[in-house]
Each structure stands twice: as structure tokens, then as C-alpha cells.
Amino acid sequence: MSDHSNMTIGFIGGGNMAQAIIRGLLKAGHRAGQLSVADPSADQRKAIAAIDAAIMLAEDSASLTGHCDLLVLAVKPQIMPDVAAALSGQERPAQQVIVSVAAGITLASLQGWLGANASIVRVMPNQPALVGEGMSGLCATAAVDAAGRAAADYLMAATGQAAWFTDESLMDAVTAISGSGPAYFYLIMEIMQDVAREFGFGADIARTLSTQTALGAATVATQGDDDLGTLRQQVTSPGGTTAAALAALEDAGIRDIFRNALIAARDRSVELGEPEVKG
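Worth saying up front: this structure is predicted, and the values here are computed from it rather than measured. (Residues numbered from 1 in each chain as written. Predicted model: local features only at pLDDT ≥ 70, side-chain atom pairs only at ≥ 80, totals over all residues. Heavy atoms only, no water.)

Asks: Describe the side chain of His30, and please don't skip the residues or the numbers.
Replies: Its location among the elements puts His30 in the loop between α1 (16–27) and β2 (35–38). Since its relative accessible area comes to 3%, His30 is described here as buried. Within the structure, the side chain of His30 is placed 3.4 Å from the backbone oxygen of His4, a separation counted as a polar contact. Engagement of the side chain of His30 in a polar contact is seen with the backbone oxygen of Met7, the distance being 2.8 Å. Residues within four places of His30 in sequence aside, it is in contact with His4, Ser5, Asn6, Met7, Ile9, Leu25, Leu35 and Tyr154. (Helix = DSSP H or I, 4+ residues; strand = E, 2+ residues; numbered from the N terminus. Buried < 20%, exposed > 50% of the residue type's maximum accessible area, 1.4 Å probe, protein only. Polar contact = N/O pair within 3.5 Å; in protein donor to acceptor, adjacent residues only side chain to side chain. Contact = heavy atoms within 4.5 Å.)

What follows is the structure, given as C-alpha cells:
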């Protein structure tokens, strides 16, 4: 699988995340004829066909699992047991790597369904993957070799950036930071937009002032090497307007508020995973 552009990649589930990955792969030059999607929904298959008519389509997974180098399980967590049970009875290539993007489904559960020696990668993507700016966390079973990791890297690079973790328990923290993270920034942008309206700006300008400021700040932060605290200080003149705003936020305990929020998200991710692990 060294030539990733020639890899045969199959998707079980053709929803938003699968579509985002497919669009990214095609943009990167992957041939549509090397992609296949199985989804029982005619509407989802129609949506995939609209992306590129050369993508192979099927109603169920049986027709594609036997020939794919990389098999992506892009289904909702609650139907993963049924999907995995169907896969367990199908012939699959010995070197096939299975990538799961289902939230909360552990490697242990996937191995229980697919076999202890299965090459499985668990991925926690996030919503910005839909526009190629995602942040994904990945971990894998011991059976996944360097080539398998490279293949998974290639797959998720189509949606943005990815980071590997050897400790699967950190996936709950990834969920709290990057998985749920876009909502935190949307909330801040929403607040800024609403206050801009209070100040007298029209709805369109208020939204643009908020969203473009967020985009600009994120771009500066990602394109440079400066510490985030340093970037904050660069915008903060002593005794100025930014200093007044930051002082109000610090006085309100914003650091503890956000820390507690992230801990709550991490702990909830752990709770959600526990019944699935025990089952």
C-alpha cells in the first residue's frame, strides 16, 4: 500500500463524514474509480454519485469488503455492532486496514467483533473536516504496522490534520478538546456577534466582524511558531481596550470556566463509552 493514490478505499456509510473524506481524497488526486461506498439509503448513494459518478456504489458492504485495502466504517455508533457483525462473516484481505470514525467505539469492542488480530485504527474527527480543516485523533491496535498507519494518515490528511496517540484513553480528551471544540468557538463567535448587534451593527456585519476575526486569529496562530500567550500579549497594550476586556474575562474566572467545561466533556465521553465497553 505504499502508493496511496492507487489504494482501493471502501466506505461503509455514505454520510457527511464519508463525503468529506471522499471530497478530500479526490482533491488530493485519488482516482474516483478506486473508491467505493456501501449505504442502504438511496439518498446517500445519490449524494455520493453527485460527487463523482465513477465512485462504485452498493447497498450493502458484502460487495466491497473483499477487495479494499482500506475499509472505513463511517456509521453511527449505535449501528456499529450490526455493521461489524456483518463484516466478521465476510472474507477480507489479510492486510486490510479498518478505520472506524464512530465516536465512543473502542478498539477492544472492534476487536471483539472483527477479531483480535484485525488491523484497526480508531479515529476521532471533528466537524471542520467537512471543509478540509479538521483535526483528528488516531490510535490503533498492535496489528497495524507502519504501512497501515501511513495509509490511515493519508486518509485523514484529506480532511485536515491528524495526531496519533498510543494511549487510547486519551481519545476521551481528544473528544473534549477537538471533537467538541468547534462548539466552544462557535459560542464565542455567537456572543461577539450578539454584542456587536447591541452596539448597533447590522446582522451581516456583526457576523462578519466575529467570524473573520476568529478566522484571522486562528490563521496567525497556526501559521506561526509564537506561543499563544505571546500572540495574546502582542494584541494587548497596557491600559488599552484589549487589556480592559481581558481583565474582565480573568475577573470572571474564564480560565477555570473553560477548564471545568473541558473536564466535563472529557468525563462525559468516558461515561458514554463505559456501557459500550461493558457490553
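Back to the text.
Asks: Residue-level account of the pairing of strand β7 (residues 134–140), with values.
Replies: Note on strand geometry: in a regular strand, side chains alternate between the two faces of the sheet. Most of β7 sits out of view: six of its seven residues are buried. With four bridges connecting them, strand β6 (residues 119–124) and β7 associate as antiparallel partners. Residue pairing across strands places Met124 opposite Gly137, the latter belonging to β7. As defined by bridge partners, β7 adjoins strand β8 (residues 160–164) across five bridges and the pair is classed as parallel. Along β8, the bridge assignment pairs Leu138 with Trp164. (Pairing = 2+ DSSP bridges.)

Asks: A description of the pairing of strand β5 (residues 97–100) should follow, citing residues and the corresponding values.
Replies: Because side chains alternate across β5, one face comprises the buried residues Val97 and Val99, and the other comprises Ile98 and Ser100, equally buried. The pairing of strand β4 (residues 70–73) with β5 spans four bridges and is classified as parallel. Residue pairing for β5: Leu71 is matched across the bridge by Ile98. In this fold, the crossover linking β4 to β5 by way of helix α3 (residues 80–88) has right-handed handedness. (Right-handed = clockwise from strand over helix to strand, strands pointing away.)

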